[in-house]
Every structure is written in C-alpha cells, then in structure tokens.
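Structure assessment
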Amino acid sequence: EFGELVMAVNQVNAAGASYQAYYDTFRALAQRIGALAGQELAAGHTASARSAYLRAASYYDLCLYFILGTSARAQEAGAYAAMQRCWQQASQLFDPPFEPVRIPYGDSWLPGYLLRLDDRPVRRPTVILNNGEDAQNDRLYAYGGAAALERGYNALIFEGPGQGSMLFQRQIPFRPDWENVITPIVDYLRSRPEVDPSRIALVGSSLGGELAVRAAAFEHRLAAVVADPAILSEIGRA
C-alpha cells in the first residue's frame, strides 16, 4: 500500500536511515497491519482480510532484508515465521485457496503452493516461479502468480534449498546445481491432472534468473524459460 510505505519511509529517514530504524519501522507496520487483517477476518470481510495479510507478509519480508545489521539478528527465523503465518492466512482466502504442496526431493521434500484458476481438472499451462535468495512467497505471488491466474494459467510458488523455510526452519543450504531442484518439480507437475505437461514454463527472478538458465541447460522438458534479469557475458571485459 503506497500510503503505508511512504509513511514508513518518512519514519525511517526521520530516525536517521539506519538498518535498525528500517527494521523497527517495518516490523511495527507489519504487526499493525497483521492485527488489522485479523479484525477484518473476524468481521467476515474476506477481501479486506486477504489484502491486509498480504501487506503484512510483505512488510515482514522487508524486515528480513537488513535484519542481520540490527540488534535483532538472532530473530531472523522468527521474522520469517511471522511473514509465513500472514502469507498462509492470505493464501487460504483466495477462491479457490492456494494449495500447499510437498514436492518429492531426494529423501526430503520442497514446500510450495499450487495456484489454480478453479477446481476443475482442466490441464492448463503452468508457470514455475523461481525466487533468488532474499524474497519470499508473497513476493512471488506479486511477481508472477497473480498475472498467471489472470491469464488462465496455473502457477507454482516454491522454496528450494537455501530459501525461505528450507533455510530458516530446516537449515538446508543452497546448492548451485539447480537442475536437481527444478527436475523434481517438473516431475511433480507432470503428475498433476491440472497441468498440461507440454506447457510448463520456468521464470526466474533476481538470482533465480541465473538459476533458471542453469536448470534449463539440463532440464529439457520446459516449454519456455524466462531469466529476469538476463545473464550477460563478461568475457573480454577488464
């Protein structure tokens, strides 16, 4: 919400524009909007509650960017958990609700959400939304999930090694051979009756742009790949 952001930025600047001021301001905003979301939900205002939970999740997400430069560095996992609670609440207030999924991954599993236009078992094109290293589920919904649904696609939001709950709650570290993450996801999606197996696309955001290119070099069942930003060669530059 633009007005909430402007007020928060003004507060941060007035306090001296430090990492601590940034964290304290956005944490307080996240808590206030999260409480508002609960009030809206209790009153039966589903759309307003969903919007407020998404905003609260986004503000908790912002807290994570600079938390290691503050006195709250030991609370990084707690800030993630607060963000995830708000995101989970919001995800269940859509129609249909976003489906939490567990994607087989070696001897473990990857957490994710399957976003669908409706509950019909219609095979639709599906977009895998691949984060980088510092955004969370709410950002991926804004980055491409909403647009996919508007166009009649499915979307899969997931957390891979070194991301989100895989890092903060399960201590599973990042890995560079990202094809070993995307291939199990493609396997999973191709098993779903709502997914057209010939129209699965991969979209990578931030560091995820490079991860998407790496994965596509080995996983050839993807119908389309988007790297945002694109990867430019540095060969020959001083």
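Treat the numbers as computed from the prediction; the structure is a model and nothing was measured. (Residues numbered from 1 in each chain as written. Predicted model: local features only at pLDDT ≥ 70, side-chain atom pairs only at ≥ 80, totals over all residues. Heavy atoms only, no water.)

1. What about the sheet that holds strand E6 (residues 224–228)?
Threshold: Two strands are said to pair when DSSP picks up at least two bridges between them. Helix and strand assignments follow DSSP, with helices taken as H or I runs no shorter than four residues and strands as E runs no shorter than two, numbered in order from the N terminus. Geometry is summarised by axes, namely lines fitted to C-alpha atoms with helices restricted to the contacting stretch, and by angles between N-to-C directions that run from 0 to 180 degrees. We call two residues in contact whenever any of their non-hydrogen atoms come within 4.5 Å of each other.
Pairing is mixed in the open sheet, where 6 strands are placed in the order E1-E2-E4-E3-E5-E6. This sheet does not close on itself; its edge strands, each paired only once, are strand E1 (99–105) and E6. Going from strand to strand, the sheet's axes swing by 25° on average, the running direction of each strand aside. Here strand E3 (residues 124–130) pairs with strand E4 (residues 154–158) via 4 bridges, running parallel. Directly across from Val127, in E4, lies its bridge partner Ala155. On the sheet, helix H4 (residues 76–91) packs against E1, strand E2 (108–115) and E4 and is oriented at approximately 45° with respect to E2. Along the sheet, helix H5 (residues 137–150) contacts E2, E3, E4, strand E5 (195–205) and E6; its crossing angle with E4, the most-contacted strand, is approximately 170°.

2. Topic: a nonpolar patch on the surface
Operational definition: Patch criteria: residues need more than 30% relative accessible area and no salt bridge. Like-charged residues are merged within 9 Å; nonpolar side chains of Val, Leu, Ile, Met, Phe, Trp and Tyr are merged within 5 Å. Throughout, the Shrake-Rupley method with a 1.4 Å probe supplies accessible areas, and for residues the shown protein chains are the sole cover considered. Just to be clear on terms, a salt bridge is a Lys or Arg side-chain nitrogen sitting within 4 Å of an Asp or Glu carboxyl oxygen. Accessible area is worked out with a 1.4 Å probe on protein chains only. A residue is then buried under 20% of its type maximum, exposed over 50%, and partly exposed in between.
On the surface, Tyr19, Tyr65 and Phe66 cluster together to form a nonpolar patch covering roughly 280 Å² of accessible area. With respect to the secondary-structure elements, Phe66 resides in helix H3 (residues 46–66). Among the residues examined, Phe66 registers a relative accessible area of 32% and is labelled partly exposed.

3. What about the pattern of salt bridges?
Per the stated rule, a full pass over the model turns up 15 salt bridges. Between Arg120 and Asp118 there is a salt bridge, with the nearest N and O atoms lying 3.1 Å from each other. Given the relative accessible area of 19%, Asp118 is considered buried. Three or more residues are tied together by salt bridges with common partners; here these are Glu99, Arg116, Asp119, Arg192 and Glu194.

4. Regarding the nonpolar core
Rules: Joining through side-chain atoms within 4.5 Å is the link that ties buried Ala, Val, Leu, Ile, Met, Phe, Trp, Tyr and Cys residues into a set, and such a set is a nonpolar core.
Grouped together as the largest cluster of nonpolar side chains are 45 residues, with contacts concentrated most on Phe26, Trp87, Phe98, Leu115 and Tyr141. Breaking this core down by element, the ones donating at least two residues are helix H1 (2–14), helix H2 (19–42), H3, H4, E2, E3, H5 and E4. Considering every element that reaches this core, the biggest residue donor is H3, with 11 residues. If we skip the residues at most four places from it in the chain, Tyr141 touches Leu54, Trp87, Phe94, Phe98, Leu115, Ala146 and Ile157.

5. Details of the environment of Tyr188
As a reminder of what qualifies: Two N or O atoms form a polar contact when they lie within 3.5 Å of each other; inside protein one atom must be a possible hydrogen donor and the other a possible acceptor, and for residues adjacent in sequence the pair counts only when both atoms belong to side chains.
Relative to the elements of secondary structure, Tyr188 occurs in helix H7 (residues 179–190). Residues Tyr188 and Ala42 lie 146 residues apart in sequence; the distance between their C-alpha atoms is 36 Å. With sequence-adjacent residues up to four places away left out, Tyr188 is seen in contact with Val101, Arg102, Ile103 and Pro104. At a separation of 2.7 Å, a polar atom in the side chain of Tyr188 contacts the side chain of Arg192.

6. Side note on the packing of H4 against H5
The following threshold applies: Angles below 35 degrees are treated as roughly parallel, those above 145 as roughly antiparallel, those between 65 and 115 as roughly perpendicular, and all remaining angles as oblique. For this scheme, ten residues count as nonpolar: Ala, Val, Leu, Ile, Met, Phe, Trp, Tyr, Cys and Pro. Four count as charged, namely Asp, Glu, Lys and Arg, and the remainder, Gly too, count as polar.
In the contact formed by H4 and H5, the axes pass within 9 Å of each other and the chain directions differ by 45°. Relative to H5, the element H4 is oriented oblique. Contact with H4, carried on its side by Met83, Gln84 and Trp87, involves Asn137, Asp138 and Tyr141 of H5 and no other residues of that element. Looking at the contact of H4 with H5 residue by residue, the classes come out as 3 nonpolar, 2 polar and 1 charged.

7. Quick look at the packing of aromatic side chains
Note on aromatic pairs: each is described by the distance of the centres and the angle between the planes. Where we set the bar: We call Phe, Tyr and Trp rings a pair once their centres come within 6.5 Å, taking the six-membered ring for Trp, and we label the pair stacked below 30 degrees between planes, edge-to-face above 60, and tilted otherwise. Whether a charge lies above a ring is judged from NZ of Lys or CZ of Arg, which has to be within 6 Å of the ring centre and within 35 degrees of the ring normal.
The final tally for this structure, using the stated rule, is 12 aromatic pairs. Pairing Phe26 with Tyr59 gives two aromatic rings, centres 6.3 Å apart and planes at 45°, and the pair type is tilted. Residue Phe26 is found in helix H2, and its partner Tyr59 is found in helix H3; the two are separated by 33 residues along the sequence. Accessibility classification places Phe26 together with Tyr59 in one group, the buried group. By way of ring pairs, the aromatic residues Tyr19, Tyr22, Phe26, Tyr59 and Phe66 are connected into one cluster. Sitting over the face of the ring of Phe94, Arg50 holds its NZ or CZ atom 5.0 Å from the ring centroid. Seen from the ring of Trp109, Arg102 lies directly overhead, with NZ or CZ sitting 3.8 Å from the centre.

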